[in-house]
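Spelled out from the first residue to the last, the chains are:
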Amino acid sequence: RSRRSQRARDRIEGRRMTKPRYGLEVFKFAVYVSVPIFLTVTFAANPVNLESIIRRHAYVVYPPEGPKPPTAAEMRKIVEANKKKRLRD
């Protein structure tokens, strides 16, 4: 086989002509991991900062407390009252 046909076959089959270099991917991964860690340490280390962030972004807003659900004994009384009402009607 000639070298030329081998190169063409490699190109068709998707083989790389050069060695893979992973330096850029390692750098991007390091930035991807280190930026959130750095920002967390920077802002969360200062309690005043953390408190202001929490107050500014209230992610969970609980509704006002409603009436309590009936207890098991109260539910039995309600069921019995409904049964008696049905039997009367």
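Rules behind the numbers
Residues numbered from 1 in each chain as written. Predicted model: local features only at pLDDT ≥ 70, side-chain atom pairs only at ≥ 80, totals over all residues. Heavy atoms only, no water. Helix = DSSP H or I, 4+ residues; strand = E, 2+ residues; numbered from the N terminus. Expected span 1.5 Å × (residues − 1). Bend = angle between axes of the 7 residues up to and from the residue. Salt bridge = Lys/Arg side-chain N within 4 Å of Asp/Glu carboxyl O. Buried < 20%, exposed > 50% of the residue type's maximum accessible area, 1.4 Å probe, protein only. Axes fitted to C-alpha atoms, helices over the stretch in contact; angles between N-to-C directions. Parallel < 35°, antiparallel > 145°, perpendicular 65-115°, else oblique. Contact = heavy atoms within 4.5 Å. Nonpolar A, V, L, I, M, F, W, Y, C, P; charged D, E, K, R; others polar.

(A) Structural context of helix α2 (residues 23-44). Taking 1.5 Å of rise per residue, the 22 residues of α2 would be expected to cover 32 Å, and the 31 Å separating its terminal C-alpha atoms lies within 8% of that figure. A bend of about 25 degrees at Ser34 is the largest found in α2, and the proline Pro36 appears one to four places after it.

(B) Representation of the pattern of salt bridges in the model. Tallying each qualifying case throughout the model produces 3 salt bridges. Here Glu25 ties to Lys28 by a salt bridge, and the two come within 3.2 Å at their closest N and O atoms. Taken as a pair, Glu25 and Lys28 lie in helix α2 at a separation of 3 residues, close to a single helical turn. Close ionic contact of Glu65 with Lys68 constitutes a salt bridge, the shortest N to O distance being 2.9 Å. Each member of the pair, Glu65 together with Lys68, is exposed.

(C) The packing of α2 against helix α3 (residues 47-56), seen in detail. The contact between α2 and α3 brings their axes to 7 Å, and the two run at 100 degrees. Viewed along their axes, α2 and α3 adopt a mutual orientation that is roughly perpendicular. Seen from α2, the contacting residues are Thr42, Phe43 and Ala44; seen from α3, they are Asn49, Leu50 and Ile53. Tallied by class, the residues present in the contact of α2 with α3 amount to 4 nonpolar, 2 polar and no charged.

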